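Given next are the chains, with one letter for each unit.
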Amino acid sequence: MIRFIINRTCQSLIILLVMSFFIYLILGLMPGDPIDLLVGSDPTISSGDLQRLKELYDIDKPVLERYLAWITNAVQGDFGYSRLFAQPVMDILSPRLFNSITLMGVSLALALLVAIPTGVYAATHPNSLLEKAINFLCFAGISIPPFWLALLFILLFSVLAGILPASGMQTIGDGSLIDRVHHMILPVATLSMATIAGYTRHVSASMTEVLQNDYIRTARAKGLLEKSVLWRHALKNALIPVVTIIALDFGSLFSGALITETMFSWLGMGKTIYDAIIGSDYNLALIGLLLATLLTLTANIMADIAYAMLDPRINYQKKN
Amino acid sequence: MMRVRLWLLGLLVSLVTLTSTEASTKQRLVIGVTQFPSTLNPLIDSMLIKSYILAMARRQISIIDHNWEPVCQLCTELATFENGRAKVFSIKDKYGRATGERGVKTRFTLKDELFWGDGTPVTTEDIFFTWQVGKHKETGVTNHQSFTDIIDIKVHDTKSFTIINKKLDYRYYALSGFNILPAHLEKDAFKEPRDYRKKTLYQTNPTHPGLYNGPYRITEIVSGSYIVLEQNEYWKGKTPGFKQIQVKTIEKTSALEANLLSGAIDYIAGEAGLSLDQAVSFEKRHSERYQVSYKPGLIYEHLDLMLDNPILSDLRVRKALIHSIDRTAISNRLFSGKQPVAHNKIHPLDWIHTNNIKKYSFDPQKARELLNDAGWNTTKAGFRYNSAGKKLQLELMSTAGNRSRELVEQVLQSYWKAVGIDIKIRNQPARVLFGETISKRKFTGLAMFAWLSAPESLPRTTLHSQSVPTKENNWSGQNYTGFKNQLMDQLIDSIEIELEKDKRKKLWGQLQRLYAEQLPAIPLYFRANSFIVPRWLKGIRPTGHMFTSTNWVEDWHVIK
């Protein structure tokens, strides 16, 4: 297992290096540079000033030359400077990564806490009224766009009821844990809705399939309590495809909560990466995207480890 | 019973406290905006939102006021020939010989009682230091050229100085854009000029009180989220009406509106807030609580025409295009009349504006006659063709995702279809459109976008023949239409050096008439900013130009 982890880690580093090249290339080939975009906001800027600024920010150099300069600095721990925020890239991304992890972590935990028992119930009570209601809510949760849901929550709980804040991560001047949790409620609810709905469907489908296996019938025939059959024997195997889905979702969860982060002014990775790409902030966009890649790779390694824990038949040691 | 009385007393105290709290929170104003500044250094990176916020905390030597006239903020009076503070001089070469060019010396005096937020007086040392930073080519200052045009600054005492400028033009009397830096704080960051933009205190310690000399100073920043300003104890001007101002960034305009209605913010800044149609809709629903005002400004929405296209190179076709569209109806129906029709690129509030120009009324019949005259006189399936069988077809481009523009495009398309012109709409994201397509003149027909400008802004980069971007000049210049007219070049060159206002106004009049006659672009309207102000808030006066309403933030107050 240790060797497996080391091998996968080395593979991940190579993937990151290759991704860094392709991401930098694609960003560099995008039309328009940040200096050109200055023209729209400053009517007095001269052509000479534009050219000078391009030279100062090395934007006039070829993409490959810029990439080589970047990679040389990156291996020494200098990931560059964000042109949009005028700060070192890691100073911008570190708190935003923490914000995303907090938001996604809570959303994911809430989603699993609700989806697993709900999915198990739906699988064990087919065609019941509650099962039909669960299915309906799942379809609704998957179909409702997060943008609309966010607005609906803001309207109901902030504007009409006035019990929850409409946006932001904290009250200015407060920042206590309770205040931050208060601000998290609506964005977590928005993010969790679709996730709960999707995971519930997956757990339900997977459980339904597992419950039809012979070993489950054997377990029941042996007189095991139904609770034990479901939660000790069936669920472990039913979770394997769900673990796969969580691992695949991981990267997009961090970088893809753009809409939720924008609606609630939550300073997270999704919004930061989007702003960096739109604003041609090459350094920030590159590191942001690489972080999202790293998270996806990490999630996949963790998923593989989880498989081995869930199913003892899975063995990563090399066969002699 | 005692318990009930105590409970009621507690409730009463809570209510009184809440009411007092509510009244006391009016000492704090929360403003919602849609952007966040990249840096707070006043000389690096131009952003309207940065100007908006910094205007509350910093003052400039001179700005333009609500009447679109230059006024002093830090200086005692503007330097003019009339008051003797401006003098023309002959520029000599290194051998002392006259070069034939003229420069101007302008003498300014800083007001008394000017202090940075740490109590250090604002002096000419700051002026001189700012010039050093601005003219250095590696500091990253945006308007570097305006600093390098200054040959020298003579410091007479701690308050008076003379600027010696090698460029004599009509803008000599104001120092707009000369945003002074606190020398006593910034000199360390300037030791390595190339690293200045990373080491400036505006970046590394933006809440340092000494960076600000205005009625407020910045006390807290969460990058990308909010900025808190509090009263500057060393401000000797009018005491502001609020102890604290919070500026919150909420990029989604629908969320911004929801935040306003929920009470999380008090006011949406007009300069960086809702779009016009959103504001009009908001006004219909919430006019009892909020006053919505619209200020048309120096945002000139127009259609640039690619004059290299043989179809558009024909003036008759350009005139037909403008005669075919009812711009008044567009303004009235799509924008409730809040965005006045533009007849040329100079705003009616600008003193140089003239009404004595050719105006194009909505006249589809005249448009048809012009097109017939231009050779587009065969019609098939409603569209025009010339004698060579070529269809009269043009491409119309604008920014994708901009609902207002997409709506206008569809209306224009239908107007032009009515006279037989086939318009293909092709939009692109803003960064592609401006970064590549327009800047490198890759559009083939019409491009709809807006120019931001200042009062009496010389259109050298947009109309002079030397400002056409080409591969040879590394795509510098903004004359995207490729307009080349000798008379226009002469007028631009003459206006720039004409110091007498009356003569200059005549030249501006000629320029506007030429622009209206030649139509390198089709004027549409001047965009308006929408200010959504709670009825208890008074004193906000929109300006309509790049010097934002926050330059008079000390006038804002709660209605008594």
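If you're wondering where the values come from, they're calculated on a predicted model, not measured in any experiment.

J.: How would you explain the overall build of chain B if you had to name every residue and give the values?
T.: Along its length, chain B carries 18 helices and 20 strands. Here the C-alpha atoms of chain B give a radius of gyration of 27 Å, agreeing with the 24 Å that 2.2 N^0.38 yields for 560 residues. Judged by the C-alpha coordinates and their principal axes, chain B covers about 95 × 85 × 40 Å. A buried classification covers 46% of the 560 residues belonging to chain B. The contacts in chain B between residues at least 6 apart in sequence include a share of 67% that link residues at least 24 apart.

J.: How would you explain the interface of chain A and chain B if you had to name every residue and give the values?
T.: It is common to give the size of an interface as the accessible area lost on bringing the parts into contact. Counting from both sides, the interface comprises 44 residues of chain A and, opposite them, 49 residues of chain B. Taken together, the elements giving at least two residues each to the side of chain A that touches chain B come down to helix 2 (47–56), helix 6 (146–160) and helix 10 (258–263) of chain A. Broken down by element, the residue count for the side of chain A that touches chain B peaks at 8 residues, all from helix 2 of chain A. Class assignment for the residues of the side of chain A that touches chain B results in 23 nonpolar, 16 polar and 5 charged.

J.: I'd like a description of the sheet that holds strand 6 (residues 150–155) of chain B, backed by residues and values.
T.: In any sheet, the strands associate via hydrogen bonds between backbone groups, in a parallel or an antiparallel arrangement. All names here are of chain B. With antiparallel pairing, 4 strands are arranged side by side in an open sheet as 4-5-7-6. With one partner strand each, in any of the chains shown, strand 4 (86–92) and strand 6 form the two edges of the open sheet. Within the sheet, the average angular offset between the axes of one strand and its neighbour, ignoring direction, is 25°. Of the strands in this sheet, strand 6 and strand 7 (160–165) are in contact with helix 3 (residues 124–135), which crosses strand 6 at around 165°.

J.: Help me get a handle on the nonpolar core, residues and values and all.
T.: One finds Ile31(B) and Ile532(B) to be the most contacted residues of the largest nonpolar core, which totals 147 residues. Among the elements that make up this core, the one with the highest residue count is helix 7 (residues 177–210) of chain A (12 residues). Residues in contact with Ile532(B), not counting those within four places in the same chain, are Leu260(B), Tyr267(B), Ile268(B), Gly273(B), Leu274(B), Ala279(B), Phe282(B), Tyr290(B) and Val292(B). Formed by 64 residues, the second largest nonpolar core is a distinct cluster that contains Ile325(B), Trp508(B), Tyr515(B) and Ala521(B).

J.: Could you give an account of unusual backbone geometry, naming the residues involved and the relevant values?
T.: Residue and element names in this part refer to chain B. In this structure, Ser 336 takes a positive phi of about 50° despite not being glycine. Secondary-structure assignment places Ser 336 in the loop between helix 12 (327–335) and helix 13 (364–373). In this structure, Glu 456 takes a positive phi of about 50° despite not being glycine. By the secondary structure assignment, Glu 456 is in the loop between strand 17 (446–452) and helix 16 (460–463). Note on Glu 456: 20 C-beta atoms within 10 Å, which makes it buried.

J.: Got a sec to walk through the packing of helix 4 (residues 89–124) of chain A against helix 12 (residues 282–310) of chain A? Specific residues and values, please.
T.: Residues and elements named next belong to chain A. In contact at an axis separation of 10 Å, helix 4 and helix 12 are set at 40° when each is read in the N-to-C sense. The orientation of helix 4 relative to helix 12 falls into the category oblique. As for the relative orientation of helix 4 and helix 12, their crossing is right-handed in sense. Touching Val 89, Ile 92, Leu 93 and Leu 97 of helix 4 are Asn 283, Leu 284, Ile 287, Gly 288 and Leu 291, all from helix 12. The residue makeup of the contact of helix 4 with helix 12, split by class, is 7 nonpolar, 2 polar and no charged.

J.: Got a sec to walk through the pairing of strand 5 (residues 98–109) of chain B? Specific residues and values, please.
T.: Residue and element names in this part refer to chain B. As judged from the 6 bridges shared by strand 4 and strand 5, these two strands associate in the antiparallel manner. Bridging from a neighbouring strand, Val 88 pairs with Val 104 of strand 5. The hairpin formed by strand 4 and strand 5 contains 5 residues between the paired strands, and Gly 96 there has a positive phi angle of roughly 85°. Across 6 bridges, strand 5 lies against strand 7 in antiparallel orientation. When the sheet's bridge partners are listed, Phe 108 is paired in strand 7 with Phe 161.

J.: Hey, could you go over the confidence of the model for chain B for me, with residue numbers and the actual values?
T.: Any region with low pLDDT has predicted coordinates that should not be read closely. Mean pLDDT for chain B: 91, with 95% of residues reaching 70 or above. The low-confidence segment residues 10–24 of chain B, where pLDDT is below 50, has 0 contacts with residues more than four positions distant or belonging to other chains.

J.: Give a detailed account of helix 8 (residues 253–262) of chain B, specifying residues and quantitative values.
T.: Every α-helix carries 3.6 residues per turn, so stepping three or four residues along brings you back to the same face. Within helix 8 of chain B, 7 of the 10 residues are buried, leaving the element largely enclosed by the surrounding structure. Of the residues making up helix 8 of chain B, those classed as buried are Ala255(B), Leu256(B), Glu257(B), Ala258(B), Asn259(B), Leu260(B) and Ser262(B). Buried positions along helix 8 of chain B lie against helix 6 and helix 10 of chain A together with strand 1 (28–33), strand 11 (267–268), helix 9 (276–286) and strand 18 (521–534) of chain B. Downstream of helix 8 of chain B by a residue or two, Gly263(B) has a phi angle that is positive, lying close to 90°.

J.: Give me the pairing of strand 6 of chain B: which residues, what numbers.
T.: All names here are of chain B. Pairing of strand 6 with strand 7, which is carried by 5 bridges, proceeds in the antiparallel orientation. Each bridged residue has a counterpart across the sheet, and for Val 155 the counterpart in strand 7 is Phe 161. With antiparallel pairing between neighbouring strands as the criterion, strand 6 and strand 7 make up a hairpin whose turn holds 4 residues.

J.: I'd like a description of the environment of His323(B), backed by residues and values.
T.: Residue and element names in this part refer to chain B. Considering the arrangement of structural elements, one finds His 323 in helix 11 (residues 315–323). You can call His 323 buried: it has 22 C-beta atoms within 10 Å. Between the C-alpha atoms of His 323 and Phe 89, which are 234 residues apart in sequence, the distance is 49 Å. Contacts of His 323, omitting those with residues within four sequence positions, involve Tyr 360, Asp 363, Lys 366, Ala 367 and Leu 370.

About the cut-offs
- Every chain is numbered independently, its residues counted from 1 as its sequence is written.
- Note on labels: chains are lettered from A, ligands numbered from 1, in written order.
- Under the rules for a predicted model, residues below a pLDDT of 70 receive no local features and side-chain atom pairs below 80 are neither given nor counted, while totals for whole chains, interfaces and linings still include all residues.
- Working definition: helices are DSSP H or I runs of at least four residues, strands are E runs of at least two. Numbering for both runs from the N terminus.
- In this description the radius of gyration comes from C-alpha coordinates, and the expected globular size is given by 2.2 Å times residues to the power 0.38.
- Whether a residue is buried, exposed or partly exposed is read from the other C-beta atoms within 10 Å of its own C-beta, which are placed from the backbone; 20 or more gives buried, 12 or fewer gives exposed, and intermediate counts give partly exposed.
- Here, residues touch in the contact sense if the C-beta positions derived from the backbone fall within 7 Å of one another.
- Residue classes follow a fixed rule: Ala, Val, Leu, Ile, Met, Phe, Trp, Tyr, Cys and Pro count as nonpolar, while Asp, Glu, Lys and Arg count as charged, and any other residue, Gly among them, counts as polar.
- Criterion used throughout: strands pair if DSSP finds at least two bridges between them.
- All axes here are fitted lines through C-alpha atoms, helices being fitted over the stretch that makes contact, and every angle between N-to-C directions spans 0 to 180 degrees.
- The nonpolar core criterion groups buried Ala, Val, Leu, Ile, Met, Phe, Trp, Tyr and Cys residues into a set whenever they are joined through C-beta atoms within 7 Å.
- For classification purposes, an angle smaller than 35 degrees is called roughly parallel, one larger than 145 roughly antiparallel, one from 65 to 115 roughly perpendicular, and anything else oblique.
- The crossing is said to be left-handed when, going from far helix to near helix, the turn is anticlockwise and less than a right angle, and right-handed when the turn is clockwise.
- Note on scores: pLDDT gives the predictor's confidence for each residue, bounded by 0 and 100.

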